[in-house]
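# Structural characterization, general
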Amino acid sequence: MNDRVPVIVFIGQPNCGKSTLFNAIAGFKAQTSNFPGTTVCHAHSQVVWKNRVYSIVDLPGTYSLTPQEPQEKVVLTHIFGEKPDLIVNVIDASLLCRSLELTVELLELEYPMVVVLNMMDLAEKKGMKIDPVALENKLGVPVIKTVATRGQGTKELMDRVEKILAEQTTPRHLRYSGEVEGRIKKLIEMLPADFPVIANPRFTAIRAIEAETLAVDKFFLENNPEFKKGLDRVRQEISALREAPAYEVLAAERHHLALKIFEDCCRVRHARLSSLEKLDSLIMHPVLGLFLLLLIFAGMFYLIFRVGSPLEAWLLKPWEALRLGIQERYGHNLPAELLVGLVQGVGGGVAIVFPYFIPLLLLMGFLEDIGYLARAGFLMDAFMHRLGLHGKSVPLFILGFGCNVPAIMATRILESRRDRIITALLIPFIPCAARTTIILALVAFLLGPWWALGFYFLNLVVVAVLSSILTRVFKYSSPGLILEIPSLKWPSPKNILQKTYFNLKEFVRFAWPILIAGSLLLSFLSFLHFDRLVNAVLTPLVSGLLGLPSSLGVTLLFGFLRKELSLLMMFQALGVSYGQLLSVINRAQLLTFVTFVNFFIPCLSTLAILWKELGRRVALISVVLNLSLAVLVSWLVRLAFALF
Amino acid sequence: MFGHKKDRVESPPIVGGVCSLLEIPHGHKFRIAEINGGAGLHRRLLALGFHRGDLVALDGEALLGGPVLVKNLNSDTRIALGRSIARKILVEPADEHER
């Protein structure tokens, strides 16, 4: 056996549980959810199985091998560009019939392959009885049953992978009906010698026939007028067979093959309506569904407030006592100041993470995994159309409530670049979990829950207004909605916990150290009176325009790293403890500052991902947009308080 | 607010039992007869497992001219389709016992 690390790719239709299976094998690496298109870029992992290293790639879900959506193109470059050593085709067993269409297509590649029947538990609940041996015979490749959420079947899968790689068995493609197969053969014979063959001549010929109306087509054929003529003739002949476009005829061929296999290998007994299906009819109800949507979000914030706020007060107490103790004992010298800074940094982190961040992440994870996001998109589509976008953006905004960064990455699922840019420009205005935490902590804790809710509402109004302005600037009607609604699934607690842990780790690894370092730095700077310089520079903005104490200026520097740091630094800068804040600034000032920071420049990681995903121009527009809106809206808040 | 009514006027008249997805009652079996519109839409629907001849049923719709929910009875999948797209899909009534 040679030393090269074999490459194994996981391919399947969106939502088939690929990423969950990948995580079960590779440890936690890929983000998963019950929403099509979560894996927009692929995840890599090196896995050791029985003393051998394998490189495993989790590709985004794709419905077919004809690229249409941006994330599907990733799949193609992978399997066409770098020939994988083995394909693991993951199938949602409960959607066996449709999933087999992709399987038939993959078999045409004639690469070594294993088929994984995932979600077997769900299929059984639906009354489906699948015969894996019959399926194996029909497809000519090994079929493994798994329940990825419980880690069932992963060992068998890796054993089979090992065996197939050792034996180098390649499958045979399945035959279309004779008349179509004859036309394909004709085209194979016409392929010029220099034609870029993918996988094998038959697969290449099928791609060429199907490439009709796709941009790839022109590129291929401009230099080959002779072949082009032949290809057009073959397409016409195939088209004439069924009185449909050639690509539809081929798709129908695969459909029939899949249907035939399905009928031979699967029996469906009549299934009872599960409790989830009953729940689904409520969720999707045009009126009750919207009501439920509102209720879910209101309930989510209420719960977090009811649980988080008292917990926060309780958690802050010892840190507060510690800080006061230090100051009392050591007075105002540098080590004492630094110690206080450290205590505030660590304590601030504890007070955010436990009461607010964790519950919010758990709830978001639950909504994601049960399959609520796509449903919210369906319910909200009409409203989004009034704002010039469509329902597919809704799940992205909801993801943005968790963290802006993955939400901006997931804008790849939007077909048009215009929709992508607008959505990506709007997402930084959605308060992410970290920001929500601070808003809830500060506003709800100090002013009361209604103020926090009002602030949230203001935030959403700003997003809506901005959206209608942006969609008027970039004029163009967005394409209609086509969105698969996956069946509701009971989420696996393990999966949600893993996801929460993953996000939490990110926070503890990156944000918390910055928070502590920032707190220390601020103590140091204020000891040297350096902060006065920064404050003096920012005074026209902070005091002049917004009417805030000029000592808050220095906190904005930290806002460039993460917005919420500005708010946490506020106590340090004003030299007060949590409970005493309102003795130094008034309500109007607090709200003005929170507003300003909330809309302030996108945090460093959001900015970086905007730059990477959509280019420098969009990132710069986003900065300008956020800064100007921050100034405008917070000034309006100040004005509103002055007037009423 | 007014988009809803306009949709009804624009949709093609019912000829020989063929009508668009927007005009059928909820929960009844229909067969996809024709998919109008460009190749892009056609391919997308094929990839999602919606073929000509498939049995479908309307499973719900959102408020205020929002999308309709279409269930494919053959593959047991559901997709949400915006009205502008649902209008392009023509269906004909199918026998309730057909499979």
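Quick caveat: nothing in here was measured; it's all calculated off a predicted structure. Residue numbers run consecutively from 1 along every chain, following the written order of its sequence. Whichever chain is written first becomes A and whichever ligand is written first becomes 1, with later ones labelled in order. Since the coordinates come from a predicted model, pLDDT governs what is reported: local features require at least 70, and pairs of side-chain atoms require 80 or more to be given and counted, while whole-chain, interface and lining totals use all residues. Side-chain figures throughout are based on the complete set of non-hydrogen atoms in the structure, without hydrogens or water.

## Looking at the interface of chain B and chain A
Taken together, the contact between chain B and chain A spans 34 residues of the former and 40 residues of the latter. Throughout, the accessible surface (probe 1.4 Å) given up by two parts as they are put together, summed over both, is called the buried area. Buried surface at the junction of chain B and chain A, summed over both partners, amounts to about 3,200 Å²; 58% is from carbon and sulfur atoms. For chain B, the biggest contributors to the area lost against chain A are B:Arg43, B:Arg44 and B:Arg78; these three give 23% of the whole. Throughout this description, the term salt bridge denotes a Lys or Arg side-chain nitrogen within 4 Å of a carboxyl oxygen of Asp or Glu. Between the two partners, chain B and chain A, sit 3 salt bridges. One salt bridge in this structure joins B:Arg78 and A:Asp280, with 2.3 Å as the shortest N-O distance. Per the convention used, a helix needs a DSSP run of H or I reaching at least four residues, while a strand needs a run of E reaching at least two, with both numbered from the N terminus. Contributing elements (two or more residues each) for the side of chain B that touches chain A: helix H2 (39-47), strand S3 (55-61), strand S4 (68-72), strand S5 (77-81) and helix H3 (83-86) of chain B. Here the element with the most residues in the side of chain B that touches chain A is H2(B); it accounts for 8 residues. Note on residue classes: Ala, Val, Leu, Ile, Met, Phe, Trp, Tyr, Cys and Pro are nonpolar, Asp, Glu, Lys and Arg are charged, and everything else, Gly too, is polar. In terms of residue class, the side of chain B that touches chain A is built from 16 nonpolar, 11 polar and 7 charged. At least two DSSP bridges between two strands are required for those strands to pair. With 3 bridges joining them, strand S9 (residues 482-484) of chain A and S5(B) adopt antiparallel strand pairing. Paired with A:Glu484 across the strands is B:Ile79, a residue of S5(B). Contacts are residue-level and defined by heavy atoms, with any inter-residue pair within 4.5 Å sufficient.

## So, empty space enclosed by the protein
The definitions used throughout rest on a 1 Å grid laid over the protein atoms alone, on which a cavity is an enclosed set of points accommodating a 1.4 Å probe that cannot get out and a pocket is an open set flanked by protein within 12 Å on both sides along at least five of seven lines; lining residues are those having an atom within 4 Å of a point. Grid points are joined across faces, edges and corners, and a volume is the space filled by probe spheres set on the points. Taken as a whole and assessed by the stated rule, the structure comprises 5 cavities of 30 Å³ or more. Its volume calculated, the second largest cavity comes out at about 190 Å³. Lining of the second largest cavity is provided by 15 residues; of these, A:Ser64, A:Ala251, A:Arg254, B:Leu46 and B:Ala47 occupy positions nearest its centre. Looking at the lining of the second largest cavity, its residues break down into 6 nonpolar, 4 polar and 5 charged.

## Here we look at the confidence of the model for chain A
As a per-residue quantity, pLDDT reports the predictor's confidence and falls between 0 and 100. For chain A, mean pLDDT is 80; residues scoring 70 or higher make up 89% of the total. Strand S5 (residues 113-118) of chain A holds the highest mean pLDDT among the elements of chain A, 93, whereas helix H9 (residues 215-221) of chain A holds the lowest, 58.

## Notes on the environment of A:Asn89
Residues and elements named next belong to chain A. Looking at the element boundaries, Asn-89 is found in strand S4 (residues 86-92). Sequence separation of Asn-89 and Val-143 is 54 residues, and the distance between their C-alpha atoms is 9.6 Å. Those residues in contact with Asn-89 that lie beyond four places of it in its chain are Ile-11, Gly-12, Leu-102, Thr-103, Leu-106, Met-113, Val-114, Val-115 and Val-116. In protein, a polar contact requires one atom able to donate a hydrogen and another able to accept it; more generally it is a pair of N or O atoms within 3.5 Å, and residues adjacent in sequence count only if both atoms are side-chain atoms. In terms of polar contacts, Asn-89 uses its side chain to reach the backbone carbonyl oxygen of Ile-11, at 3.2 Å. Here the side chain of Asn-89 touches Thr-103 through a polar contact of 2.6 Å, side chain to side chain.

## So, the nonpolar core
Take the buried Ala, Val, Leu, Ile, Met, Phe, Trp, Tyr and Cys residues and link them wherever side-chain atoms come within 4.5 Å; each set so joined is a nonpolar core. Exposed residues in this analysis have more than 50% of their type's maximum accessible area, buried residues have under 20%, and partly exposed residues fall in between, with area computed by a 1.4 Å probe over protein chains only. Within the largest apolar cluster, 102 residues are counted, with the highest numbers of intra-cluster contacts made by A:Leu442 and A:Leu581. Take this core: its biggest share by element is 10 residues, from helix H19 (residues 433-447) of chain A.

## Considering helix H5 (residues 132-139) of chain A
Residue and element names in this part refer to chain A. Taken as a whole, H5 has its buried residues at Pro-132, Ala-134, Leu-135 and Leu-139. Relative to the axis of H5, the buried residues are bounded by an arc of 155° and lie together on one face. With respect to the buried face of H5, the exposed residues turned more than 90 degrees away are Val-133 and Asn-137. Looking at the buried positions of H5, the neighbouring elements they touch are helix H3 (96-107), S5, strand S6 (128-130), strand S7 (143-145) and helix H11 (246-265). Structurally, the start of H5 carries an N-cap: the backbone nitrogen of Val-133 is 3.1 Å from a side-chain oxygen of Asp-131. Taken from the helix axis, the directions to the C-beta atoms give the arc we talk about.

## Describing the confidence of the model for chain B
In low-pLDDT segments, the atomic positions of the prediction should not be examined closely. Mean pLDDT over chain B stands at 78; residues scoring 70 or higher make up 82%. Note on residues 1-15 of chain B: pLDDT is under 50 here. Beyond four places in sequence and across chains, it has 18 contacts.

## As for the environment of A:Asp369
All names here are of chain A. With respect to the element layout, Asp-369 can be found in helix H14 (residues 334-370). The exposure class of Asp-369 is buried, given its relative accessible area of 7%. With 119 residues separating them along the chain, Asp-369 and Leu-488 place their C-alpha atoms 8.6 Å apart.

## Some details on the sheet that holds strand S2 (residues 30-35) of chain B
Strand order across the open sheet formed by 7 strands is S9(A)-S5(B)-S4(B)-S3(B)-S2(B)-S6(B)-S1(B), with antiparallel pairing between neighbours. Two strands in the sheet have a free side with no partner beyond their single neighbour: S9 of chain A together with strand S1 (19-20) of chain B. Here S3(B) runs beside S4(B); their pairing, made up of 5 bridges, is antiparallel. Paired with B:Gly60 across the bridge in S4(B) is B:Leu69.

## Some details on the pairing of S2(B)
All names here are of chain B. With 5 of its 6 residues buried, S2 lies for the most part within the structure. Sheet topology note: the S2/S3 ladder contains 2 bridges and is antiparallel. Within S3, the position partnered with Phe-30 by the bridge is Val-56. Pairing of S2 with strand S6 (residues 89-93), which is carried by 5 bridges, proceeds in the antiparallel orientation. Residue Glu-34 lies in a different strand from S6, and its bridge partner there is Leu-90.

## A word on helix H20 (residues 449-473) of chain A
One fewer than the residue count of a helix, multiplied by 1.5 Å, yields its expected span. If you check H20(A), its first and last C-alpha atoms are 36 Å apart, about what 25 residues at 1.5 Å a residue would give, namely 36 Å. All buried positions along H20(A) are accounted for by A:Ala452, A:Phe455, A:Tyr456, A:Asn459, A:Val462, A:Val463, A:Leu466, A:Ser467, A:Ser468, A:Leu470 and A:Thr471.

## A closer look at a positive patch on the surface
Residues and elements named next belong to chain A. Here a patch means residues that are over 30% exposed by relative accessible area and free of salt bridges, tied together within 9 Å if like-charged and within 5 Å if nonpolar (Val, Leu, Ile, Met, Phe, Trp, Tyr). All accessible areas in this document rest on Shrake-Rupley with a 1.4 Å probe, and a residue is counted as covered only by the protein chains that are shown. Just so you know, the count uses Lys and Arg for positive and Asp and Glu for negative, and it drops His and the chain ends. To locate a charge, take NZ of a lysine, CZ of an arginine, CG of an aspartate or CD of a glutamate. Residues Lys-129, Lys-145, Arg-267 and Arg-269 make up a contiguous surface patch of positive charge. One can find Arg-267 in strand S8 (residues 266-268). Using a relative accessible area of 61% as the deciding quantity, one classes Arg-267 as exposed.

## Brief notes about the environment of A:Val554
Residue and element names in this part refer to chain A. Inspection of the secondary structure puts Val-554 in helix H23 (residues 553-559). For the pair Val-554 and Leu-525, spaced 29 residues apart in the sequence, the C-alpha separation amounts to 9.8 Å. Among residues more than four places away in sequence, those in contact with Val-554 are Leu-522, Asp-531, Val-534, Asn-535 and Ala-573.

## Topic: the pairing of S5(A)
Residues and elements named next belong to chain A. Of all 6 residues making up S5, 6 are buried, and the element is well covered by its neighbours. Every second residue of S5 is oriented toward a common face, with Met-113, Val-115 and Leu-117 on one face and Val-114, Val-116 and Asn-118 on the other, all of them buried. Here 6 bridges tie S4 to S5, and the two strands are oriented parallel to one another. Opposite Ile-87, over in S5, you have Met-113 as the bridge partner. The handedness rule is simple: strands pointing away from the viewer, and a clockwise path from the first strand over the helix to the second, make the crossover right-handed. Assessed by its sense of winding, the connection that carries the chain from S4 through H3 to S5 is right-handed.

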